[in-house]
Amino acid sequence: MIVPVLKEFLAQNPQVEIVFVSRKNFSDLFLNIERLTFCGVNLDDYKGVFGLRKLVKKLNKEHQPTFVADLHYVLRTKIMTILFKLRRKKTATIDKGRKEKNELTRKENKIKKTLKSTPERYADVFRKLGFSLKLSHQLTENSHQKSGIGFAPFAQHFGKMLPIEKSLELVKILSQKNEVFLFGGGKKEVEILKQWESEIENTTSLAGKLSLKEELKKISELEVMISMDSANMHLASLVGTRVVSVWGTTHYFAGFLGYGQSEKDIVEISDLECRPCSVFGNKPCYRGDYACLNQIEISEIMNKI
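Residues numbered from 1 in each chain as written. Predicted model: local features only at pLDDT ≥ 70, side-chain atom pairs only at ≥ 80, totals over all residues. Heavy atoms only, no water.

Caption draft 1: Region of the structure containing the pattern of salt bridges. What the rule picks out here adds up to 12 salt bridges. The salt bridge partner of R287 is D289, with a shortest N-O separation of 2.8 Å. The partly exposed category is assigned to R287, whose relative accessible area is 42%. Here the salt bridges do not stand alone but share partners, grouping K116, E120, D124 and R127 into one network. (Salt bridge = Lys/Arg side-chain N within 4 Å of Asp/Glu carboxyl O. Buried < 20%, exposed > 50% of the residue type's maximum accessible area, 1.4 Å probe, protein only.)

Caption draft 2: Representation of the packing of helix 8 (residues 212–220) against helix 9 (residues 231–238). The geometry of helix 8 relative to helix 9 is characterised by a closest axis approach of 9 Å and an angle of 70° between their N-to-C directions. Considered as vectors, helix 8 and helix 9 are oriented roughly perpendicular to each other. Between helix 8 and helix 9 lies a crossing whose hand is right-handed. Together, L212, E215, L216 and I219 of helix 8 and N232, L235 and A236 of helix 9 make up the contact between the two elements. (Axes fitted to C-alpha atoms, helices over the stretch in contact; angles between N-to-C directions. Helix = DSSP H or I, 4+ residues; strand = E, 2+ residues; numbered from the N terminus. Parallel < 35°, antiparallel > 145°, perpendicular 65-115°, else oblique. Left-handed = near helix turned anticlockwise from the far one by under 90°. Contact = heavy atoms within 4.5 Å.)

Caption draft 3: The packing of aromatic side chains, seen in detail. Enumeration according to the criterion identifies nine aromatic pairs in this entry. Where Y252 meets F253, the ring centres are 5.1 Å apart and the plane angle is 75°; that geometry is what we call edge-to-face. We classify Y252 as buried; its relative accessible area is 14%. Looking at F253, the relative accessible area reads 16%, which means it is buried. The ring of Y73 has K78 sitting right over it, with the charged end atom 4.4 Å from the ring centre. (Phe/Tyr/Trp six-rings, centres within 6.5 Å; stacked < 30°, edge-to-face > 60°. Lys NZ or Arg CZ within 6 Å of the ring centre and 35° of its normal.)

Caption draft 4: How the structure looks around the packing of helix 1 (residues 2–12) against helix 5 (residues 118–128). Packing of helix 1 against helix 5 brings their axes to within 9 Å, and their N-to-C directions diverge by 40°. By the angle between their directions, the pair helix 1 and helix 5 is classed as oblique. Viewed along their axes, helix 1 and helix 5 form a crossing whose handedness is right-handed. In contact with I2, V5, L6 and F9 of helix 1, helix 5 contributes P119, Y122, A123 and F126. Split by residue class, the contact of helix 1 with helix 5 holds eight nonpolar, no polar and no charged. (Nonpolar A, V, L, I, M, F, W, Y, C, P; charged D, E, K, R; others polar.)

Caption draft 5: Main features of the nonpolar core. Ranked by size, the top nonpolar core spans 49 residues in total, and within it I2 and F30 carry the most contacts. Within the residue set of this core, elements represented by two or more residues are helix 1, strand 1 (18–23), helix 5, helix 8 and helix 9. The greatest single-element share of this core, amounting to six residues, is contributed by helix 1. Membership of the second largest hydrophobic core comes to 33 residues, among which are V171, A207, I298 and I301. (Core = buried A, V, L, I, M, F, W, Y, C linked by side-chain atoms within 4.5 Å.)

Following this line, the structure appears as structure tokens:
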């Protein structure tokens, strides 16, 4: 979700260059961004405090940063921020709003309100450093000739996924009038989607076949992507593709709706008092029935399309 923020920040601050430090496998997300240098890191090479000190020394020597923005706020980046401060760098850290998110997702006495979006939390870090930044919250225009519907039925956690039987039913209905492209990753997901491809006409599984760069290109060419509250929603946002998103134990109130996506394209059971029960979907359903997902009707998704 940081990529559109970086693009808008650089457009509004033409005197600035960014060195973005992250894991090597995310490099394709940052291609062709003017005045942005992606620095891919293998974290195994920089373990512990001494390893992080080595990384900070390397970054400081190679890039000589004036400002340091901690957009992650985990133990590793906290330590790095302190080390940069000792080198007299001006630093700023993201406020993840953990207290508000806990109040939103707790079992009793929820405070159910829309929280600041994650992109705005990223933007606040740059504002703390003294830069101006006003986010558009709009999808980037895409000139591709779009065709076909993408469907990403999986998510990292069970509490985010539509029941597999409903996902299969949805693909069967969609494929009657549309070409459907299936997205997933991991051995089990690849096997399931390959089976669906063999059983359902007008259906192509891309799971396990594409690099991240190739996957982004394909998503950019789709008319619409159907996704859970998962990474695929955010990948579609990066390339200007509209997303119909399905939400279960999580809620867009927590600030994780895809950048530029519309609340009108959200599919959810909105009248369940227990929702949301988790920020990331990793907590088991205390009711035991996952009503937030099992009560969703396929027709609700089709109506959005």
